[in-house]
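Letter by letter, the chains look like this.
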Amino acid sequence: MMFSSKIIPYEKAERFFSDIKASGKRVVQCHGTFDLIHPGHIYHLEEARGLGDILVVTITAEKYVRKGPGRPYFNDQHRAKAISALGCVDYVVLIPYPAAVEAISCVKPGIYCKGREYIDQDVDVAGDIKDDVATVEKYGGQVRYIGSVVFSSTKLLNNYFDHVEVPVKEFCQKLHQNYTPDKFRSIVDSFQKLRVLVIGDIIFDRYTFASVQGLTTKNRILSTRFIEENTQAGGSLAVYKHIKQFCNNVKLVGLVGKESWVNDELRLHIDKKSDLIVRDSKVTTIIKQRFLQPAVPGKELIKLFSVNYIDHDAPSAVISRQVVSKVAKVIRDYDLVVVTDFGHGLMSEELRELVQKQANFLAVNCQTNSNNYGFNILDRRYHHADCFSLDQSEIHLAAASTHVDYEGALRTLVDKLGSGYGWLTRGAVETISVTAGRSKSCIIPPLERTVIDTIGAGDAFFSVASLAACKKLPLEITAFLGQLAGGQAVKILGNTEPISKPLLVKSGMSLLNF
């Protein structure tokens, strides 16, 4: 099998390298993003080439790079071209996976090279190095740690390139003065021991994809062709899943019906030990079904309309008492109580009073939606919260005005609720954060401009920012953490997966690497 270029298609690479090894040649492999070639790369690759007969460099394809906003700076073609131009490199393969395991399985090298810094496997934020080593050894190879000169592509890009917007870069440069990448990682790791109780409306988001065919000829009704659908964990269940990525001890109190499918669906998302959910046959399990056009890679989803399966009336007093009783028994055992109030009836007046009086630290997200518009307003439903978040439409309702001084209105809510932290998320515009007293506000621009789906982004922000607030961290780092989570969420289809802690840490460390 012969190729005219050093760049080998992934689909044909395994057979190609198998033939090379069969000829008796020793294959050495290096793997990475190689976003900006620097002297450290050259020394690393030359040392690797000296260990065998053939040097193969596998590169993570841009779709799968997990280094945060604006990365990779160079596309697949440019990175592959740059590496293949080096005389010490024999072959290059673009790998359509985020981790190295598939790259190693493709090449099956005799020697796999990593930088000397990975001798201490704890430096690997994603925790993939152990899998890499195991895969190399599975195919009879060995891992060598090399590199006499070390540079950082990320640091060079942050200092000398414009791979993120200027306001983002300026914010991160200022934050870096107090938070090194390693300190940032330590902060996120410190969340692990927090005991968290999540309370709120459990929602299942059903995404039904349909292709629009046009209007019917007789009644002029929108006509679509069904393609597929999936059901996701939404509401408080989504928040539970986000927080569970960061904390070992997380419990969820919610309310569902006894439909035949409910328990099986819940078991996909929450283990029995963490499940404090009340089940009652007189309750309809909430489903929010959204009809959407098929997803287009790299573009935001187009939503057509939605249908909600939800009870018109609030749960009965008997059912509400069950929920209150369950919370009252355990609330004092938790460092942080996270309330996600979607206004669907779970958060009764009695339950709201209980959490406000008994929680050691209370985080509240009181949301406005089409089912409760104008009735579920933060400062009408709550008189205290240690921290809270809300969006632009919700602060307009709280201020009862179409013209709002956002920072002033946010400070009013912080003072009224006796809060230590208040966050106003304004989507693609900015996030404003304030704390008690007259201290300076923190305004942070969005970190991610590539938006697939905004559903759940606010919940992701709130989940992670609340953990930081409970640790009494400074305002700017709580907002930064929330923005990292929100930026990750807008690139995920609905709530199909929770926020990834390793990705959040890698993104934050990357942005703070100056």
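The structure displayed is predicted, hence computed values, not measured ones.

Caption draft 1: Expanded view of unusual backbone geometry. Of the consecutive residues Arg-71 and Pro-72, the connecting peptide bond is found in the cis state with omega at -5°. Along the chain, Pro-72 falls in the loop between β2 (54–60) and α3 (76–84). A positive phi angle, close to 50°, is found at Lys-108, a residue other than glycine. As for its placement among the helices and strands, Lys-108 is situated in the loop between α4 (101–107) and β4 (111–115).

Caption draft 2: Molecular detail of the pairing of strand β1 (residues 27–32). Taken across its six residues, β1 has six buried, putting it largely inside the fold. Both faces of β1 are covered, namely the face carrying Val-27, Gln-29 and His-31 and the face carrying Val-28, Cys-30 and Gly-32. As paired strands, β1 and β2 are joined by six bridges and run parallel to one another. Looking at β2, one finds that Val-27 is bridged to Ile-54. Traced from β1 through helix α2 (residues 39–49) to β2, the parallel crossover comes out right-handed. Note: β1 against β4, three bridges, orientation parallel.

Caption draft 3: Representation of the side chain of Asp-459 within the structure. In this fold, Asp-459 is placed in helix α16 (residues 457–470). Of the side chains bearing the opposite charge, Arg-290 lies closest to the buried Asp-459, which forms no salt bridge; the N-O distance is 8.5 Å. When residues no more than four places from it in sequence are discounted, the contact partners of Asp-459 are Val-239, His-242, Phe-342, Asn-365 and Gln-367.

Caption draft 4: Examining the packing of aromatic side chains more closely. In this structure the tally under the stated criterion is 13 aromatic pairs. With centroids separated by 5.3 Å and ring planes inclined at 75°, the aromatic side chains of Phe-204 and Trp-261 adopt a geometry described as edge-to-face. On the criterion of sequence distance, the pair formed by Phe-204 in strand β7 (residues 202–215) and Trp-261 in the loop between β10 (255–256) and α10 (262–267) is long-range, its members being 57 residues apart. By relative accessible area, which is 28% here, Trp-261 ends up partly exposed. Between the aromatic rings of Trp-423 and Phe-461, the centroid separation amounts to 6.0 Å while the plane-to-plane angle is 75°, which identifies the pairing as edge-to-face. Placement of the pair is Trp-423 in strand β17 (residues 421–425) and Phe-461 in helix α16, with a sequence separation of 38 residues. Among the aromatic side chains, those forming a connected cluster through ring pairs are Phe-16, Phe-17 and Tyr-91. Directly above the aromatic system of Tyr-118 lies the positively charged group of Lys-114, at a separation of 4.2 Å from the ring centroid.

Caption draft 5: Summary view of the pattern of salt bridges. Following the criterion strictly, the structure yields 20 salt bridges and no others. For Arg-49, the salt bridge goes to Asp-90, with nearest N and O atoms at 3.0 Å. Pair noted here: Arg-49 is in helix α2 and Asp-90 is in the loop between α3 and β3 (91–95), with a separation of 41 residues, a long-range link. Asp-189 is the partner of Lys-501 in a salt bridge, and the nearest nitrogen-oxygen pair spans 3.1 Å. In this pair, Lys-501 is assigned in helix α18 (residues 501–511) and Asp-189 in helix α8 (residues 181–190), connecting sequence segments 312 residues apart. What emerges from the salt-bridge pattern is a single network uniting Arg-185, Asp-189 and Lys-501.

Caption draft 6: Layout of the sheet that holds β17. Here we have eight strands laid out as an open sheet, ordered β9-β6-β14-β15-β16-β17-β18-β19, and mixed in their pairing. Edge positions in the sheet fall to β9 (249–253) and β19 (442–444), since each has one partner strand and no second. Strand-to-strand, the axes of this sheet are offset by a mean angle of 15°, without reference to chain direction. Against the sheet, helix α17 (residues 475–489) contacts β17, β18 (431–435) and β19, and its axis sits at roughly 25° relative to β19.

Caption draft 7: Spotlight on the packing of α17 against α18. Their axes nearest at 10 Å, the elements α17 and α18 cross at an angle of 120°. As the angle between them shows, α17 and α18 are arranged oblique. Every pair of crossing elements has a handedness; the one defined by α17 and α18 is right-handed. Facing Phe-480, Leu-481, Leu-484, Ala-485 and Gln-488 of α17, the residues of α18 in contact are Leu-503, Leu-504, Ser-507, Gly-508 and Leu-511. Broken down by class, the residue content of the contact of α17 with α18 amounts to seven nonpolar, three polar and no charged.

The rules we used
Residues numbered from 1 in each chain as written. Predicted model: local features only at pLDDT ≥ 70, side-chain atom pairs only at ≥ 80, totals over all residues. Heavy atoms only, no water. Helix = DSSP H or I, 4+ residues; strand = E, 2+ residues; numbered from the N terminus. Buried < 20%, exposed > 50% of the residue type's maximum accessible area, 1.4 Å probe, protein only. Pairing = 2+ DSSP bridges. Right-handed = clockwise from strand over helix to strand, strands pointing away. Lys, Arg positive; Asp, Glu negative; His and termini not counted. Salt bridge = Lys/Arg side-chain N within 4 Å of Asp/Glu carboxyl O. Contact = heavy atoms within 4.5 Å. Phe/Tyr/Trp six-rings, centres within 6.5 Å; stacked < 30°, edge-to-face > 60°. Lys NZ or Arg CZ within 6 Å of the ring centre and 35° of its normal. Axes fitted to C-alpha atoms, helices over the stretch in contact; angles between N-to-C directions. Parallel < 35°, antiparallel > 145°, perpendicular 65-115°, else oblique. Left-handed = near helix turned anticlockwise from the far one by under 90°. Nonpolar A, V, L, I, M, F, W, Y, C, P; charged D, E, K, R; others polar.

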